[in-house]
Amino acid sequence: MVSKLALGLVLAIALCASTDAIAQTPQNPAPTFADVLVHSRAFNTWSATFKQQYSIRAFDNIKAAEGSIGYQRPDGIEMFVAGAMRSTPCASSPKAVFLCGSQWASRFSVQSFAGSAMNFPSGTVFVLTPITPTPLVVKILIYVDTKTLEVRREMVIDSHENRDRYDFENVVTTYWH
């Protein structure tokens, strides 16, 4: 009888101690899109390789490409796809809004979702919707690694429900000193 009472007391103490430890364990809050913009403003250059999938809904067709993208402050994006270079100033395109954030972010409303709900278990997904509708961009989805704040994927959806998806790999950044 005494041993059952002692066992019950030990279990009760252990349970209380474990719930106290859980309550005291700091939880990492999900990042906000503002956190991602602050992170991206901290570096001078950003480059990555990417795999692109452009889904054309009307023809149920997917075009794939690979390339590299580079960004250097204050305002230049250069993208190489199939050996051809495209240079785009941030002011002319909302693509890569995470790099050109301050010029474009205020033009979108932002919702965030747990990545696990969107097949992206290592992060957070931000859905940007233009405040002023445009046929070129209905939504931009930005997939961010929660631990590093690195953007791993961006998908632009247009008014015809076409999807232009970029999966970024081999990300290299240099930071301001």
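The rules behind these values
Residues numbered from 1 in each chain as written. Predicted model: local features only at pLDDT ≥ 70, side-chain atom pairs only at ≥ 80, totals over all residues. Heavy atoms only, no water. Salt bridge = Lys/Arg side-chain N within 4 Å of Asp/Glu carboxyl O. Helix = DSSP H or I, 4+ residues; strand = E, 2+ residues; numbered from the N terminus. Buried < 20%, exposed > 50% of the residue type's maximum accessible area, 1.4 Å probe, protein only. Contact = heavy atoms within 4.5 Å. Phe/Tyr/Trp six-rings, centres within 6.5 Å; stacked < 30°, edge-to-face > 60°. Lys NZ or Arg CZ within 6 Å of the ring centre and 35° of its normal. Pairing = 2+ DSSP bridges.

Things to note about the pattern of salt bridges
Following the criterion strictly, the structure yields 3 salt bridges and no others. Here Arg57 makes a salt bridge to Glu161, at a shortest N to O gap of 2.9 Å. With Arg57 in the loop between β1 (43–56) and β2 (61–72) and Glu161 in the loop between β8 (151–157) and β9 (163–175), the pair connects residues that are 104 residues apart, well separated along the chain. Here Arg57 falls in the exposed class, since its relative accessible area comes to 54%. Residues Arg165 and Asp167 are paired through a salt bridge, measuring 3.0 Å at the closest nitrogen-oxygen approach. Residue classification places Arg165 among the partly exposed positions, given a relative accessible area of 23%. Each of the salt bridges in this network shares a partner with another, and the network as a whole consists of Arg153, Arg165 and Asp167.

Considerations on the side chain of Gln52
Checked against the element boundaries, Gln52 lands in strand β1. Relative accessible area serves as the criterion here: at 13%, Gln52 is assigned to the buried category.

Notes on the environment of Ile131
Tracing the backbone shows Ile131 in the loop between β6 (123–130) and β7 (139–145). Ignoring any residue separated from it by four or fewer positions in sequence, one finds Ile131 in contact with Ser106, Arg107, Phe108 and Ser109.

Considerations on the packing of aromatic side chains
Taken as a whole and judged by the stated rule, the model has 5 aromatic pairs. Where Phe33 meets Phe126, the ring centres are 5.5 Å apart and the plane angle is 55 degrees; that geometry is what we call tilted. Separated by 93 residues along the polypeptide, Phe33 in helix α2 (residues 33–41) and Phe126 in strand β6 bring together distant segments of the chain. On the basis of relative accessibility, which here comes to 7%, the residue Phe33 falls in the buried class. Among the aromatic residues, those joined into a cluster by ring pairs are Trp46, Phe50, Tyr166 and Phe168. Across from the ring centre of Tyr143, 4.8 Å away, lies the NZ or CZ of Arg153, which sits over that ring.

A few points about the pairing of β6
Counting buried positions over the 8 residues of β6 gives 8, a clear majority of the element. Across 7 bridges, the pairing between strand β5 (residues 108–114) and β6 is antiparallel. In the strand pairing of β6, Ala114 is matched with Thr124. The sheet contact formed by β6 and β7 spans 6 bridges and is antiparallel. Pairing of Thr124 across the sheet is with Val144, part of β7.

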